[in-house]
Amino acid sequence: MDESQEFADRVHEAYGIDINIQTFPKGTETAADAAEAIGCDRAQIASSIALVADELVVVVTSGANRVDTRKLATLRGIHTARMADPDEIDETLGYEVGGVPPFCHDTSVPVYLDETLTEFDTVWAAAGSPDAVFPIAPDELLACADATVADITE
């Protein structure tokens, strides 16, 4: 079974939701590439970024924005935050870089949602593998991820 189907099964089991996974060519390495492949605005790409800010956290940010590690550190009440390395991501979240979904991680971690994503009816998030995404309403994403909406972008 591939990673995106495993993710879909986890979502169904945890939340009773059937997600509509869409796959796209492997050449979509950026939010702009993914948006073009899907046919949506780059700002609707909900990129899950794993960072270490006293513990591993996931920041789900709009594909049009960049995470501000200083704002994240301040939000967490610490001095610095950094990008998590691939081994930390795989060991804690259970997904590879580029395929990290906003929820259904192997280990429960704090999740923060870029406030600009709440402006859309639908956003597109990674579905467990770098070539798969699924559409979801931001309020549903917030609920499933038990996320906190925050100003955490540059």
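Residues numbered from 1 in each chain as written. Predicted model: local features only at pLDDT ≥ 70, side-chain atom pairs only at ≥ 80, totals over all residues. Heavy atoms only, no water.

Of the regular secondary structure elements, the protein holds five helices and eight strands. Starting at the N terminus, the α and β elements of the protein follow one another as α-β-α-β-β-α-β-α-β-β-β-α-β. Taking 2.2 N^0.38 as the reference for a compact globule, 154 residues should give roughly 15 Å; the C-alpha atoms of the protein span a radius of gyration of 14 Å, in line with that estimate. Of the contacts made within the protein by residues no fewer than 6 positions apart, 61% connect residues no fewer than 24 positions apart. With the model as given, the accessible surface of the protein reaches about 7800 Å², and the carbon-plus-sulfur share is 43%. Measuring between centres, the 8 positive side-chain charges of the protein sit 9 Å from its 30 negative side-chain charges. (Helix = DSSP H or I, 4+ residues; strand = E, 2+ residues; numbered from the N terminus. Rg over C-alpha atoms; globule rule 2.2 N^0.38 Å. Contact = heavy atoms within 4.5 Å. Areas by Shrake-Rupley, 256 points an atom, 1.4 Å probe, with all protein chains shown as cover. Lys, Arg positive; Asp, Glu negative; His and termini not counted. Charge placed at Lys NZ, Arg CZ, Asp CG, Glu CD.)

Looking now at a negative patch on the surface. Where like charges cluster on the molecular surface, the negative patch consists of Asp2, Glu3, Glu6, Asp9, Glu13, Asp85, Asp87, Asp90, Glu91 and Glu96. When contributions to the negative patch are tallied by element, the ones reaching two or more residues are helix 1 (3-15) and helix 4 (86-93). The leading source of residues in the negative patch is helix 1, at four residues. Topologically, glutamate 13 is positioned in helix 1. (Patch = residues over 30% accessible without salt bridge, like charges linked within 9 Å, V, L, I, M, F, W, Y side chains within 5 Å. Salt bridge = Lys/Arg side-chain N within 4 Å of Asp/Glu carboxyl O.)

Moving on, we come to the side chain of threonine 61. Turning to its location among the elements, threonine 61 is positioned in strand 3 (residues 56-62). Within the local environment of threonine 61, its side chain forms a polar contact with the side chain of aspartate 114, the two groups lying 2.9 Å apart. In this structure threonine 61 touches Ile45, Ala46, Ser47, Ile49, Val67, Asp114, Leu117 and Thr153, once residues within four positions along its chain are discounted. (Polar contact = N/O pair within 3.5 Å; in protein donor to acceptor, adjacent residues only side chain to side chain.)

Soluble, globular proteins show a tendency: their nonpolar side chains are buried together. Residues Phe7, Val60, Leu93, Phe103, Phe134 and Leu141 are the most contacted members of the largest nonpolar core, which totals 32 residues. Sorting the residues of this core by element identifies helix 1, strand 2 (45-52), strand 3, helix 4, strand 5 (111-114), strand 6 (123-126), strand 7 (132-136) and helix 5 (138-145) as the ones contributing at least two each. Not counting the four nearest positions on each side in its chain, phenylalanine 134 is found in contact with Phe7, Ile19, Asn20, Ile21, Pro102, Phe103, Val123, Trp124, Ala125, Ala126 and Ala127. (Core = buried A, V, L, I, M, F, W, Y, C linked by side-chain atoms within 4.5 Å. Buried < 20%, exposed > 50% of the residue type's maximum accessible area, 1.4 Å probe, protein only.)

Following the criterion strictly, the structure yields five aromatic pairs and no others. With a centroid separation of 5.4 Å and an interplanar angle of 45°, the aromatic rings of phenylalanine 7 and phenylalanine 134 are classed as tilted. Of this pair, phenylalanine 7 sits in helix 1 while phenylalanine 134 sits in strand 7; the two residues are 127 residues apart in sequence, bridging distant segments of the chain. A single burial state applies to phenylalanine 7 and to phenylalanine 134, both of which are buried. Arranged with centres 6.0 Å apart and planes meeting at 80°, the rings of phenylalanine 103 and phenylalanine 134 form a pair that is edge-to-face. Residue phenylalanine 103 is located in the loop between helix 4 and strand 5, and its partner phenylalanine 134 is located in strand 7; the two are separated by 31 residues in the primary sequence. Accessibility classification places phenylalanine 103 together with phenylalanine 134 in one group, the buried group. Among the aromatic residues, ring-to-ring pairing joins Phe7, Tyr15, Tyr95, Phe103 and Phe134 into one connected group. (Phe/Tyr/Trp six-rings, centres within 6.5 Å; stacked < 30°, edge-to-face > 60°.)

Across all of its chains, the model carries zero disulfides by this definition. We note that cysteine 40 lacks a disulfide partner, and the nearest cysteine sulfur, in cysteine 144, lies 19 Å from it. This cysteine, cysteine 144, is not joined by any disulfide, and cysteine 104 carries the nearest cysteine sulfur, 7.3 Å off. (Disulfide = S-S within 2.5 Å.)

A few words now on helix 2 (residues 31-38). Among the residues making up helix 2, those that are buried are Ala31, Ala34 and Ala35. Here the buried residues of helix 2 occupy an arc of 100° about the axis, which is enough to place them on one side. Lining the buried residues of helix 2 we find strand 2. (Arc of directions from axis to C-beta.)

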